[in-house]
Amino acid sequence: MHRFLTGLIKIVLASLLAGSLLSLLGITVDNILLFLGLTPERIWTGLQSAGAWASPRILLGAIIVLPVWLVTYILLPPHDG
């Protein structure tokens, strides 16, 4: 857990530094999206489409994976430590 929090803090600080530098240079999110030819609505629609595609496949896979994991977890000997 400690490594996760340390990594998360490093990512937040790096993002803050990068965002501050871009802001200093006058670069905004709108400029980047315009350069890439995207709009916030188009990104949101793409995320919804990805979610609609992925969610039934995740549920289908979970029908197999979760029971196998549960049986394996129950049958393995306990770990020391």
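Criteria and thresholds
Residues numbered from 1 in each chain as written. Predicted model: local features only at pLDDT ≥ 70, side-chain atom pairs only at ≥ 80, totals over all residues. Heavy atoms only, no water. Helix = DSSP H or I, 4+ residues; strand = E, 2+ residues; numbered from the N terminus. Rg over C-alpha atoms; globule rule 2.2 N^0.38 Å. Buried < 20%, exposed > 50% of the residue type's maximum accessible area, 1.4 Å probe, protein only. Areas by Shrake-Rupley, 256 points an atom, 1.4 Å probe, with all protein chains shown as cover. Expected span 1.5 Å × (residues − 1). Bend = angle between axes of the 7 residues up to and from the residue.

Caption draft 1: Looking closely at the overall build of the protein. Helix and strand counts for the protein come out as three helices and zero strands. Overall, the protein shows an N-to-C arrangement of helices and strands of α-α-α. Relative to the 2.2 N^0.38 estimate, which gives 12 Å for 81 residues, the radius of gyration of the protein is 21 Å and therefore markedly larger than a compact globule would have. Across its three principal axes, the protein shows a C-alpha extent of roughly 60 × 35 × 10 Å. A burial count over the protein gives 1% of its 81 residues as buried. Here the protein displays about 7,700 Å² of accessible surface, and carbon together with sulfur accounts for 77% of that area.

Caption draft 2: View of helix 3 (residues 40–75). Taking 1.5 Å per residue as the helical rise, helix 3 with its 36 residues ought to reach 52 Å, and the 49 Å between its terminal C-alpha atoms agrees with that figure. Maximal helix bending in helix 3 amounts to about 35°, located at Ala62. Burial of helix 3 is sparse: only zero of the 36 residues sit out of reach of the surface.

Caption draft 3: Structural context of helix 1 (residues 2–24). Here helix 1 is 23 residues long and its end C-alpha atoms lie 33 Å apart, about the 33 Å a rise of 1.5 Å per residue gives. Of all 23 residues making up helix 1, only zero are buried, and the element is barely covered by its neighbours. One or two positions beyond helix 1, positive phi appears at Gly26, with a value near 85°.

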